[in-house]
Amino acid sequence: MRNDCVFINCSIATMDARKSGYGLLENAAIALRGGRVTWLGSQADLPAEYSALECEDLKGRLITPALIDCHTHIVFGGNRAREFEMRLNGASYQDIAAAGGGILSTVNATRKASDEQLLESALGRLDSLIAEGVAVVEVKSGYGLNIDDEIRMLRVARMLEQYRPVKIVTTWLAAHAVPSSYQGCADSYIDEVVIAGLKLAAASGLVDAVDGFCESIAFSAEQIARVFTAAQNLNIPVKLHAEQLTNQRGALTACEFKALSVDHLEYLPQEDVSHLAASGTVAVMLPVAFYTLNETQRPPIQAFRQHGVPMAVATDCNPGSSPTSSILLAMNMACTQFAMTPLEALIGTTRAAAKALGLDSHHGQIRLGDEAELAIWNVKHPAELSYWTGASPLYKSLSKAKL
Ligand code: DI6
Ligand code: FE
């Protein structure tokens, strides 16, 4: 891509928070200099100084901010298709666990995989996201469950940035499950692996945020608070998998630590929503996990709206509960499963997703002066991005790494 160029004959969904709706500009043009947006507006007003630049006629296509997937687990070994098949043949979750299934089977496969194998399989999933206009991807650890393998997952995640034109944001999720070697001693696991490993990983500059799985089958809110205190002492922001399967009051704990986001939230009581508003915490909606698990309880979307809590939408790409690397499918399911609007779904993968990663000052909206991080689509209206499924309408994307 060129550093200096002009696109004409397009619509631009700026997603500008100061404007209403999509912040839509029609019959528009946008100019880039040095890889930054230096002008955008009505094409008729394009200043003459830009006529010397290389110009592309977009023939009515739509430009949006590049999309952001703010919750993924794309680095892992193996897959769980066999478990999926066993369940559909009548096996129970317990049968599968007894046969070595569940999160711990992915832990075994991840520990066995070489760095190259982890990198290669993650690149495949990343390529699917990129083909749907994604330019920023959050990647969690959580399938190593020992210090070396957790750190290795984040190293591999960071390597992705060297191979593809994306920004990678890394999250320490050692508090994802209790490994077999610590069964019955979750507290020791928190001290000896989650917190001790966090200090090492942070010292290597590998940790942008700290996450945990607060659930009856994982860690309690008290255990998570200990992990968050360690993160706070290192000045690292926190986020939490909270209230996905049951209400553990994890979101409330996360809000006390001014979490960037709380994610899932199907079992969050409506009366707790005001706490998210007060702490400026983003609610991350993961509708593909809801769908995959045949969940029926929906997150309190209407209460989020009433309290002005920003809602992000992400893939939760993982081999167990959300085997997808399609952000557009997540947007579609935010609408079809959670009754979010197409506007909310696009806010959810642009400016709200940027806020969930603490990147909202320069990502997630099209603003003058920001580096151009754009997706150009073969559609006319932004609602189409949530409407179509099964094929990517991306025309092309521009991001810093490509310029
Ligand atoms: N919540 C989930 O749905 C996934 N992790 C989490 O914290 C499940 C991950 C897996 O089954 O591998
Ligand atoms: Fe997750």
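Residues numbered from 1 in each chain as written. Chains lettered and ligands numbered in written order. Predicted model: local features only at pLDDT ≥ 70, side-chain atom pairs only at ≥ 80, totals over all residues. Heavy atoms only, no water.

**Section: the overall build of the chain**
We count it as follows: By definition, any uninterrupted DSSP run of H or I lasting at least four residues is a helix, any uninterrupted run of E lasting at least two residues is a strand, and each is numbered from the N terminus. Both definitions apply: the radius of gyration is a C-alpha atom measure, and the globule rule equals 2.2 Å times residues to the power 0.38. Relative accessibility decides the category of a residue: with a 1.4 Å probe and only protein chains considered, values under 20% of the type maximum give buried, values over 50% give exposed, and everything between is partly exposed.
When you go through the chain residue by residue, the secondary structure sums to 15 helices and 14 strands. Here the C-alpha atoms of the chain give a radius of gyration of 21 Å, agreeing with the 22 Å that 2.2 N^0.38 yields for 403 residues. Once the C-alpha set of the chain is aligned to its principal axes, its extents read approximately 70 × 50 × 45 Å. Counting only residues that meet the buried cut, the chain has 58% of its 403 residues in that class.

**A short note on the nonpolar core**
So the rule is basically this: In this description, a nonpolar core means a group of buried Ala, Val, Leu, Ile, Met, Phe, Trp, Tyr and Cys residues linked to one another through side-chain atoms lying within 4.5 Å. Residue contacts are defined here by distance: any two heavy atoms, one from each residue, within 4.5 Å place the two residues in contact.
The biggest cluster of nonpolar side chains holds 115 residues, and the ones touching the most others in it are V75, L160, W172, L265 and F304. Aside from chain neighbours lying at most four places away, what touches L160 is I74, V75, L119, A122, L123, L126, V139 and I168. Counting residues in hydrophobic clusters, the runner-up holds 16 residues, among them C5, C10, L374 and I376.

**Some thoughts on the site of ligand 1**
Rules: We call a residue near a molecule or strand whenever a single non-hydrogen atom of that residue lies within 4 Å of it. Here a polar contact is recorded for every N or O atom pair within 3.5 Å, except that within protein the pair must consist of a potential hydrogen donor and a potential acceptor, and residues adjacent in sequence are included only if both atoms are side-chain atoms. For accessible areas, the Shrake-Rupley method is used with a probe of radius 1.4 Å. Any residue's cover is judged against the shown protein chains and nothing else. Detection works on a 1 Å grid of protein atoms alone, calling trapped sets that fit a 1.4 Å probe cavities and calling open sets with protein on both sides within 12 Å along at least five of seven lines pockets, with lining residues defined by an atom within 4 Å of a point. Being in a pocket or cavity means that more than half of the molecule's atoms lie within 2 Å of its grid points.
Neighbouring ligand 1 are R80, I103, Y143, H176, F213, H241, Q244, H264, D316, N318, G320 and S321. Here an oxygen atom of ligand 1 sits 2.6 Å away from a polar atom, N or O, in the side chain of Y143. Measuring from a nitrogen atom of ligand 1, one finds a side-chain N or O atom of H176 at 2.8 Å. Computed on the free molecule, ligand 1 has an accessible area of 320 Å², of which 94% lies beneath the protein chains in the complex. Put simply, ligand 1 lies in the largest pocket.

**A closer look at helix α12 (residues 327-338)**
Here is the rule we go by: By definition here, a helix of n residues has an expected span of 1.5 Å times n minus one.
Relative to the 16 Å expected for 12 residues at 1.5 Å per residue, α12 spans 15 Å between its end C-alpha atoms, a close match to the ideal helical length. Burial analysis of α12 places 10 of its 12 residues in the buried class, which makes it a mostly covered element. By the burial criterion, the buried members of α12 are I327, L328, A330, M331, N332, M333, A334, C335, Q337 and F338.

**Details of unusual backbone geometry**
A negative phi angle characterises most non-glycine residues, just as the trans form characterises most peptide bonds. Of note, the phi angle at L145 is positive, near 55 degrees, even though the residue is not glycine. Take L145: it is sitting in the loop between β6 (134-140) and α5 (147-163). Since its relative accessible area comes to 2%, L145 is described here as buried. Phi is positive for L265, which is not a glycine, with a value near 70 degrees.

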